[in-house]
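# Coordinates in review
What follows is the residue order along each chain.
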Amino acid sequence: MKRKVDFLIIGSGIAGLSYALKVAKHGTVCMITKANEDESNTKYAQGGIAAVMHQPDTYEKHINDTLIAGDGLCDEKIVRMVVEESTDRINELIKWGAQFDKNASGEFDLGKEGGHSENRILHHKDNTGFEIERALLEQVHSNQNIEILDHHFALEVLTQHHLGKYVNSKTEGVECYGAYALNIRTQKIEQILAKITVMATGGAGHVYGSTTNPLIATGDGYAMVYRAKGKLEGMEFVQFHPTALYNPGERPAFLITEAMRGFGGILKTVDGNEFMHKYDKRASLAPRDIVARAIDHEMKTRGDNFVHLDCTHLNTDELIKHFPNIYNKCKQLGIDFTKQPIPVVPAAHYICGGIKVNTSGQSSIKNLFAIGECSSTGLHGANRLASNSLLEAVVYSHRAAVKSIKNFSAISHCEKIPDWNAEGTASPEEMVLLTESLREVHSIMTNYVGIVRSNLRLKRAFDRLLILHNETENLYERTTISPKLCELRNIIKAAYIIIKAAMQRKNSIGLHYNIDYPSTKF
Ligand code: FAD
Ligand code: SIN
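None of these values were measured; they are calculated from a predicted model.

Another point: the sheet that holds strand S12 (residues 307-310). Pairing within the open sheet is antiparallel, and its four strands lie in the order S10-S13-S12-S11. A single partner strand is all that each edge strand has here, and the edge strands are strand S10 (238-245) and strand S11 (266-268). Across this sheet, the average inter-strand angle for adjacent strands is 45°, counted without regard to direction. Its contacts with the sheet put helix H8 (residues 288-302) on S10, S11, S12 and strand S13 (342-351), and the angle it makes with S10 is roughly 60°.

Set out below in structure tokens:
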């Protein structure tokens, strides 16, 4: 089956949805998404979205906080641009129906998270992402120009390669013509031709054994663009959230928002002692790289499986009012956080790098944009400031939409792309091959490419991953396409890109901490 549209968007999180709403006035939009339409990292965002709304906060303070968190690797021009556009984009989300909590005097009830010098996080209780996803989907449903195809898995972006031409990406431009997508319900592979294609596929938490990300976060966007010879950068900067709920066996790990520390929660060892002041004067509210590393260090030196987040000294009613979902979740596990500390551990949470884009979200591949978590804009540097990712997604979806609207009418569809060739493939006989390979990737990444790395660990990870890579590519060549196989392949590719980037970096900075390159900072 062939479809032809002006704009193809891959992914229905905050980035894809907000882009769709903007371009839909100008042309036909097809959005594909591999699971239910609302399933995304966006849906699970808790703390909120950072933005400068009023005094005493200023753009300069938010810019400065972002630069400090990024440990010297942010692009200052980009930081300034994103922060200065924050207020307009928030007002737009509100116009689209997203509701952010207000205090008794009608002002936004702004929260605080690690690395922020002011209260500037707009939130909807502790399920901000759910509220944003709801509002955006409601708008998208009422727009006749947008078609959402759920349970459609993007397999590859279409380029000259599919016309049988070899393209040397260094000397010639690779162009994108759309994507092949597997309709999971019919098991048919469709060809979607587009003038503009937008990667909005989110992150890759499932490269690791423990992650806060929902199951969709398998690095598909990074892998597809890498295979198409697009540029990626900064993939060594994997952000581990310091406080996922310690509940062995639960996957994904349930997040305990940093906003609880912003509200006054304190990190303690299991015997009740505060420790963060030993590592940073901002203590429990230091940027995430420092807090996650400190927790990792305490757990390893003490031989503990978790640390505690203690909120028992805080106002009970206010705590439950602000964090009702976390309260209910903990209660189900027999933990009343108003009376007992919450056991927490770091878990893979966010990829700071990604598909390299310019200020309009354009990737190195012509007519292919990348927005949201899958992109690398220069905003986050070596460590993302909390709650800057939802902001980055709306700023860049706006910028990408402006550029796309300007460009698309001069682009023609490429009609010569052949149908997907499934010749010579057979149904998989042994699912155990996939599940075991996935388990091995998780073990490699968790043990050798985690919060603390070394040259030896990275080399070991690389060598072991190569075996899995070759086995999986071989399986892919001779097996009928399935989402599980494609996800495994993408996870392995994303892991490979992370390890390679980590091996190439010869210093310790931000989230990349290699004991062979000791840092003067913790
Ligand atoms: P996503 O929202 O992840 O959407 C990706 C979409 O792409 C999904 O619809 C997915 O199904 C689809 N997709 C992926 N691969 C394919 C494929 N091959 N084919 C078709 N579709 C595909 N950030 C903040 O700023 N503030 C917060 O408070 C916050 N809290 C968080 C809490 C949790 C638990 C998590 C996991 C993340 C949190 N983050 C937060 C990070 C933030 O939620 C994400 O970075 C952001 O939502 C990413 O949005 P996105 O639109 O880029 O991608
Ligand atoms: C959180 O609520 O702690 C997550 C915020 C983020 O990842 O930006």
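After that view of the structure, there is still more to cover.
Our focus in this paragraph is the site of ligand 1. Close to ligand 1 lie 39 residues; Thr42, Gly48, Asp220, Glu373 and Ser389 are nearest. Contact between ligand 1 and serine 12: an oxygen atom at 3.0 Å from a main-chain N or O atom of the residue. Backbone polar atom of alanine 200 to an oxygen atom of ligand 1: 3.4 Å apart, as the coordinates give it. Starting from 1,000 Å² of accessible surface for ligand 1 in isolation, the protein chains cover 98%. Elements represented by at least two residues in the shell around ligand 1 include exactly helix H1 (14-23), strand S6 (152-158), helix H6 (220-227), S13 and helix H11 (389-407). Counting residues per element, the shell around ligand 1 draws most heavily on S6, at three residues. Of the residues contributing to the shell around ligand 1, the split by class is 14 nonpolar, 20 polar and five charged.

Summed over the entire model, instances satisfying the criterion amount to 10 aromatic pairs. Residues tyrosine 226 and tyrosine 496 carry aromatic rings whose centres are separated by 6.1 Å and whose planes lie at 75° to one another, so their mutual orientation is edge-to-face. On the criterion of sequence distance, the pair formed by tyrosine 226 in helix H6 and tyrosine 496 in helix H14 (residues 483-504) is long-range, its members being 270 residues apart. By relative accessible area, tyrosine 496 is classed as buried at 16%. A ring pair is formed by phenylalanine 263 and phenylalanine 323, whose centres lie 5.5 Å apart and whose planes are at 90°; its orientation type is edge-to-face. Taken together, the residues span a long stretch of sequence, with phenylalanine 263 in the loop between helix H7 (259-262) and S11 and phenylalanine 323 in the loop between helix H9 (316-322) and helix H10 (324-332) at a distance of 60 residues. Judged by its relative accessible area of 27%, phenylalanine 263 falls in the partly exposed class. Among the residues examined, phenylalanine 323 registers a relative accessible area of 4% and is labelled buried. The positively charged end of arginine 384 is found above the aromatic ring belonging to tyrosine 350, 4.0 Å away from the centroid. If you follow arginine 489 out to its NZ or CZ, it ends over the ring of tyrosine 476, 3.6 Å from the centre.

So, how was this worked out
Residue positions are counted from 1 within each chain, in the order its sequence is given. Chain A is the first chain written and ligand 1 is the first ligand written, with later ones labelled in order. For a predicted model such as this one, the threshold for reporting local features is a pLDDT of at least 70, and the threshold for listing and counting side-chain atom pairs is 80 or more; totals across whole chains, interfaces and linings nevertheless cover every residue. As a rule here, side-chain values come from all non-hydrogen atoms in the structure, and water together with hydrogens is ignored. Two strands make a pair as long as DSSP finds a minimum of two bridges between them. Elements are defined by DSSP. Helices are runs of H or I of four residues or more, strands are runs of E of two residues or more, and each kind is numbered from the N terminus. Note on geometry: axes are C-alpha line fits, over the in-contact stretch for helices, and angles between N-to-C directions span 0 to 180 degrees. Contacts are assigned to residue pairs that have any heavy atoms within 4.5 Å of one another. Nearness here has a simple test: a residue counts as near a molecule or strand if at least one of its heavy atoms is within 4 Å of that partner. Whenever a nitrogen or oxygen atom comes within 3.5 Å of another N or O atom, the pair is scored as a polar contact, on the condition that within protein one atom can donate a hydrogen and the other can accept it, and that pairs from neighbouring residues in sequence are kept only if both atoms are in side chains. A 1.4 Å probe and the Shrake-Rupley method give the accessible areas. Residues count as covered only by the protein chains that appear here. Charged means Asp, Glu, Lys or Arg here, nonpolar means Ala, Val, Leu, Ile, Met, Phe, Trp, Tyr, Cys or Pro, and polar covers whatever is left, Gly included. Aromatic rings from Phe, Tyr and Trp, with only the six-membered ring used for Trp, were paired whenever their centres fell within 6.5 Å, and each pair was classed as stacked if the ring planes differed by under 30 degrees, edge-to-face if by over 60, and tilted otherwise. Whether a residue is buried, partly exposed or exposed follows from its accessible area with a 1.4 Å probe, protein chains only, as a fraction of its type maximum: under 20%, in between, or over 50%, in that order. A ring is scored as having a charge over it whenever the NZ atom of a lysine or the CZ atom of an arginine sits within 6 Å of its centre and within 35 degrees of its normal.

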